[in-house]
Amino acid sequence: LSKLLLLFLLAMILANIGGMMYGPLMPLYLKELNASVGQIGLFFTLSQIIPLALQILGGWISDSLGRLRAIAIGSVVGIFTYVALILAPTWQWLLLAAGFQAITGALVGPSLDAFIAEHSSDENRARVFGISQAIFMIVGVVGPVLGGWLADSFGFKVMLMIAGGAYFVATIIR
């Protein structure tokens, strides 16, 4: 792994730990914001439609503007995800956060994979992807545990501020 790829992987670890800290706990956060079971189902239905509409556009932007610019734009938009999550007075406001998260995912996801492919040699490309995917799987285990502990010990807002802080540091690195 080159130093550049290691730096980007570090940034992605921080960003994804932040996302995994709150993602699995969203139904509980929605419930805390007085959403009914039906409204929670509606939230998750709508929050899955938004990324579907943006994925192809994100790949096109990455190809047009370049990987690093797309990652930078997506990262900055991602900060607004946490602002919306933290300041949300009702569950409906969380749809705004879901929209920002969808824009971020559409820009950063395909751009990161393309960036890894462009900055790895043919001989070790599969290994680099294997390492990056293994790291993200580990993050998928660590993030929810950390987020659950923080939310239980200090509340959702504090957990979201810590997750947002990790994401903010990742944005600066990227």
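Scroll up a little and you will see the structure.
S.K.: For the pattern of salt bridges, give the residues involved together with the corresponding values.
M.R.: Counted according to the given criterion, the structure contains three salt bridges. Linking aspartate 63 and arginine 67 is a salt bridge whose minimum nitrogen-to-oxygen distance equals 2.8 Å. With relative accessibility at 59%, the residue aspartate 63 sits in the exposed group. A relative accessible area of 17% places arginine 67 in the buried class. For arginine 125, the salt bridge identified is with aspartate 122, shortest N-O distance 2.9 Å. Among the residues examined, arginine 125 registers a relative accessible area of 26% and is labelled partly exposed. Through salt bridges with shared partners, a single network forms among Asp63, Arg67 and Glu118.

S.K.: Before we move on, can you summarise the packing of aromatic side chains with the specific residues and values?
M.R.: One pass over the full model with this rule turns up seven aromatic pairs. Between phenylalanine 8 and phenylalanine 115 the ring centres are 4.5 Å apart and the planes differ by 35°, which places this aromatic pair in the tilted class. One end of the pair, phenylalanine 8, is in helix 1 (residues 3–22); the other, phenylalanine 115, is in helix 5 (residues 94–118), and 107 residues separate them in sequence. Take phenylalanine 8: its relative accessible area is 6%, and that puts it in the buried class. Each member of the aromatic cluster is reached from another via a ring pair, and the members are Tyr22, Tyr82 and Tyr167.

S.K.: Give a description of the environment of valine 128 that names residues and reports values.
M.R.: Its place among the elements puts valine 128 in helix 6 (residues 125–154). With relative accessibility at 4%, the residue valine 128 sits in the buried group. When the C-alpha atoms of valine 128 and leucine 5 are compared, they prove to be 9.1 Å apart, with 123 residues separating the residues in sequence.

S.K.: Before we move on, could you go through a nonpolar patch on the surface and cite the residues and values that matter?
M.R.: On the surface, Ile138, Val141, Val142, Leu146, Trp149, Phe154, Val158, Met161 and Ile162 cluster together into a nonpolar patch covering about 840 Å² of accessible area. Looking at the nonpolar patch, the elements with two or more residues in it are helix 6 and helix 7 (156–173). With six residues, helix 6 is the largest single contributor of residues to the nonpolar patch. Following the sequence through the fold, valine 142 ends up in helix 6.

S.K.: An account of helix 7 is requested, with residue identities and associated values reported.
M.R.: Taking 1.5 Å as the rise per residue, helix 7 with 18 residues should run 26 Å; its terminal C-alpha atoms sit 26 Å apart, in good agreement. The complete set of buried residues in helix 7 reads Phe156, Met159, Leu160, Ala163, Gly164, Ala166, Tyr167, Ala170 and Thr171. End-on view of helix 7: buried residues confined to an arc of 160°, all on one side of the axis. On the buried face of helix 7, the contacting elements are helix 1, helix 2 (26–32), helix 4 (67–87), helix 5 and helix 6.

S.K.: Which residues make up the packing of helix 1 against helix 6, and what values do they have?
M.R.: Packing of helix 1 against helix 6 brings their axes to within 7 Å, and their N-to-C directions diverge by 35°. The interaxial crossing formed by helix 1 with helix 6 has right-handed handedness. Along its contact with helix 1, which presents Leu5, Leu9, Met12, Ile13, Asn16, Ile17, Met20 and Met21, the element helix 6 presents Val128, Ser132, Ile135, Phe136, Val139, Gly140, Gly143, Pro144, Leu146, Gly147 and Leu150. Among the residues forming the contact of helix 1 with helix 6, the class breakdown is 14 nonpolar, five polar and no charged.

S.K.: I'd like a description of the nonpolar core, backed by residues and values.
M.R.: Ranked by size, the top nonpolar core spans 30 residues in total, and within it Leu85, Leu94 and Met159 carry the most contacts. At the level of secondary structure, the elements contributing two or more residues to this core comprise helix 1, helix 2, helix 3 (37–65), helix 4, helix 5, helix 6 and helix 7. The element best represented in this core is helix 7, accounting for six residues. Other than its neighbours up to four places away in sequence, methionine 159 contacts Met21, Tyr22, Leu25, Gly147, Leu150 and Ala151. Listed in part, the 10 residues of the second largest apolar core include Leu5, Phe8, Ile116 and Phe136.

Cut-off values and rules
Residues numbered from 1 in each chain as written. Predicted model: local features only at pLDDT ≥ 70, side-chain atom pairs only at ≥ 80, totals over all residues. Heavy atoms only, no water. Salt bridge = Lys/Arg side-chain N within 4 Å of Asp/Glu carboxyl O. Buried < 20%, exposed > 50% of the residue type's maximum accessible area, 1.4 Å probe, protein only. Phe/Tyr/Trp six-rings, centres within 6.5 Å; stacked < 30°, edge-to-face > 60°. Helix = DSSP H or I, 4+ residues; strand = E, 2+ residues; numbered from the N terminus. Patch = residues over 30% accessible without salt bridge, like charges linked within 9 Å, V, L, I, M, F, W, Y side chains within 5 Å. Areas by Shrake-Rupley, 256 points an atom, 1.4 Å probe, with all protein chains shown as cover. Expected span 1.5 Å × (residues − 1). Arc of directions from axis to C-beta. Contact = heavy atoms within 4.5 Å. Axes fitted to C-alpha atoms, helices over the stretch in contact; angles between N-to-C directions. Left-handed = near helix turned anticlockwise from the far one by under 90°. Nonpolar A, V, L, I, M, F, W, Y, C, P; charged D, E, K, R; others polar. Core = buried A, V, L, I, M, F, W, Y, C linked by side-chain atoms within 4.5 Å.

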